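Structure assessment
Below are the chains, spelled out letter by letter.
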Amino acid sequence: MSSSKYPYIARGNQRYTVLRSQTFNIDNGSGTTVDECLAANLPTDAELVSVQAIYQEATDTAGAADANFSLGTTAGGDDIVAATALEASKAVGAYTSATLAATRLAAGNSLFARHTGIAATEAGQYSLQVILMLEP
Amino acid sequence: MELSDFNNLHSGATVLLVGNAPNLKETPPEWFDYPSFGMNTICKYATWRPTYYTAVDSRVMWEFGEEIVEKYGDIPKFVPTPNLDKWQGPNFYRFYHRPGKLWPWNNESLWPRDFLSLPGITYGCVMHIAMQLAYFMGFSRMLVIGMEHKPRRAQNHFWGVDHCINADAPLDEWFMGYKTLREEMKVEMLNISPNTYVPEEILPRDDWRKYVAEPLQSS
């Protein structure tokens, strides 16, 4: 990619773009969903490199696995990452890697995250980290 | 006393690790005369107090925190930071809950004095922490009681049923943790809990009668 302010072409891993969601609270309510648009109308085709839940508050030794996250090209969709359970006993800074159902995004697509919570009194908060490579 | 001062404090000694399973009633901890670790809701065991206490879940802090501080005020209590920083009181020692795999990446067999602060330790369940703390303190033999792990009975404790947790615990992960710690620490670990569901290849078993205090043995 090039820009008028920085007219050099990024190569290889320099082209990685990191998207970060809001911090989701695991115990926001049983089955309660929170949707967030992480990117809208991508300017070019893109390749998804990884999707991870990064824990911002530690989870207890049980319970967190009843909450999940997904990723799709529509609000609430799961065509990029199917519902992926969070994990127990995770420290701050630990992560859960998601399996990518699709790795290619065409220009003009958007990217939506969905968090599905569990009932109250469960420790743990996380954000989603999406790494993608925009293609020139 | 600082956290690092516990390093090798009990070099070569035997420790009793006391879980909260229903089978604890079959081997009351007061029958044994060893330094001990109690964990989680052991405060509900009225007739016995551990030498050390540990917990890792915020739920224990919120629901039993005041009771534990009141009953165990004088007992060293080991909890993870930053997870349980809101739990305040006397004699709290805070180890760093680091991300990453259970056994340290550097494979150090003898942990240096500051290891609990940096790089810290991690866990799948509270017994993993008790084992690592005991190892840090230099214990060379660990006897485990109150460990049952009956499938689909994670809610059952020596004091009754906890309906607020899931009946299914990630037992495979916990068992692998026990095995990893036992093999890497190279200390003697024996599950002397009767009626336990922990496979012997994970934690070797032994007869608890061999370890009870002498007055009980002779009676």
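Our structure's up above, just so we're on the same page.
Right, let's get into the overall build of chain B. Helix and strand content of chain B: 4 helices and 9 strands. Listing the helices and strands of chain B from first to last along the sequence gives β-β-β-α-β-β-α-β-β-β-α-β-α. Projected onto its principal axes, the C-alpha positions of chain B cover 45 × 35 × 35 Å. Across the 219 residues that make up chain B, the buried fraction comes to 38%.

Here we take up the overall build of chain A. Within chain A, the regular secondary structure consists of 0 helices and 9 strands. The N-to-C order of helical and strand elements in chain A reads β-β-β-β-β-β-β-β-β. Split into buried and exposed, the 136 residues of chain A put 37% on the buried side. Considering only intrachain contacts with a sequence separation of at least 6, the fraction spanning at least 24 residues in chain A is 78%.

This paragraph deals with the environment of Leu132(A). With respect to the helices and strands, Leu132(A) occurs in strand β9 (residues 125–134). Residues contacting Leu132(A), with those up to four places away along its chain left out, are Thr17(A), Ala46(A), Glu47(A), Leu48(A) and Val49(A).

Another aspect to go through is the interface of chain A and chain B. Across the contact, 13 residues belong to chain A and 18 residues belong to chain B. Classifying every residue of the side of chain A that touches chain B gives 7 nonpolar, 5 polar and 1 charged.

With that settled, the discussion passes to the nonpolar core. Membership of the largest hydrophobic core comes to 55 residues, with the highest contact counts inside it found for Leu17(B), Phe37(B), Ala130(B), Ala134(B) and Met142(B). Per element, the largest residue contribution to this core is 9 residues, and it comes from helix α2 (residues 126–136) of chain B. Those residues in contact with Phe37(B) that sit more than four places away from it in its chain are Val15(B), Leu17(B), Val18(B), Pro50(B), Tyr52(B), Thr54(B), Ala130(B), Leu133(B) and Ala134(B). Listed in part, the 30 residues of the second largest apolar core include Ala64(A), Ala67(A), Ala94(A) and Ala98(A).

Attention now goes to α2(B). Residue and element names in this part refer to chain B. For α2, a buried count of 11 out of 11 residues is recorded, marking the element as mostly surrounded by other parts of the structure. Where the residues of α2 are buried, they touch β1 (14–18), β2 (36–39), β3 (52–54), β4 (77–81), β6 (141–145) and α3 (171–185). Following α2 by one or two positions, glycine 138 adopts a phi angle in the positive range, close to 95 degrees.

This next bit is on the pairing of strand β5 (residues 92–96) of chain B. Residues and elements named next belong to chain B. Only one face of β5 is covered, namely the face carrying Tyr93 and Phe95; the face carrying Phe92, Arg94 and Tyr96 is uncovered. Here β4 pairs with β5 via 5 bridges, running parallel. In the sheet register, proline 80 faces β5, and the bridge partner there is phenylalanine 95.

What follows is about the sheet that holds β1(B). Residue and element names in this part refer to chain B. With parallel pairing, the 7 strands of this open sheet are ordered in space as β5-β4-β3-β2-β1-β6-β9. Two strands in the sheet have a free side with no partner beyond their single neighbour: β5 and β9 (188–191). The sheet shows a mean angle of 25 degrees between the axes of neighbouring strands, direction not considered. Note that β3 and β4 share 2 bridges and pair parallel. When the sheet's bridge partners are listed, tyrosine 53 is paired in β4 with lysine 77.

Given 3.6 residues per helical turn, the α-helix brings residues three or four places apart onto the same face. All names here are of chain B. The end-to-end C-alpha distance of α3 is 21 Å, a good match for the 21 Å that 15 residues give at a rise of 1.5 Å each. Looking only at α3, the buried set comprises Trp174, Gly177, Tyr178 and Leu181. What you see down the axis of α3 is that its buried residues fit within an arc of 100 degrees, all on one side. Facing away from the buried surface of α3 by more than 90 degrees, the exposed residues are Asp172 and Glu183. Where α3 is buried, its residues meet α2. Positioned one or two residues after α3, lysine 186 has a phi angle of 60 degrees, which is positive.

Turning next to unusual backbone geometry. All names here are of chain B. Cis rather than trans, the peptide bond between threonine 81 and proline 82 has omega equal to 10 degrees. Cis peptide bonds are those with omega within 30 degrees of zero, and the linkage from leucine 118 to proline 119 qualifies with 10 degrees. When you line up the elements, proline 119 lands in the loop between β5 and α2. In this structure, histidine 149 takes a positive phi of about 55 degrees despite not being glycine. Note that histidine 149 resides in the loop between β6 and β7 (156–157).

Parameters at a glance
- Residues numbered from 1 in each chain as written.
- Chains lettered and ligands numbered in written order.
- Predicted model: local features only at pLDDT ≥ 70, side-chain atom pairs only at ≥ 80, totals over all residues.
- Helix = DSSP H or I, 4+ residues; strand = E, 2+ residues; numbered from the N terminus.
- Buried ≥ 20, exposed ≤ 12 C-beta atoms within 10 Å, placed from the backbone.
- Contact = placed C-beta atoms within 7 Å.
- Nonpolar A, V, L, I, M, F, W, Y, C, P; charged D, E, K, R; others polar.
- Core = buried A, V, L, I, M, F, W, Y, C linked by C-beta atoms within 7 Å.
- Pairing = 2+ DSSP bridges.
- Axes fitted to C-alpha atoms, helices over the stretch in contact; angles between N-to-C directions.
- Expected span 1.5 Å × (residues − 1).
- Arc of directions from axis to C-beta.

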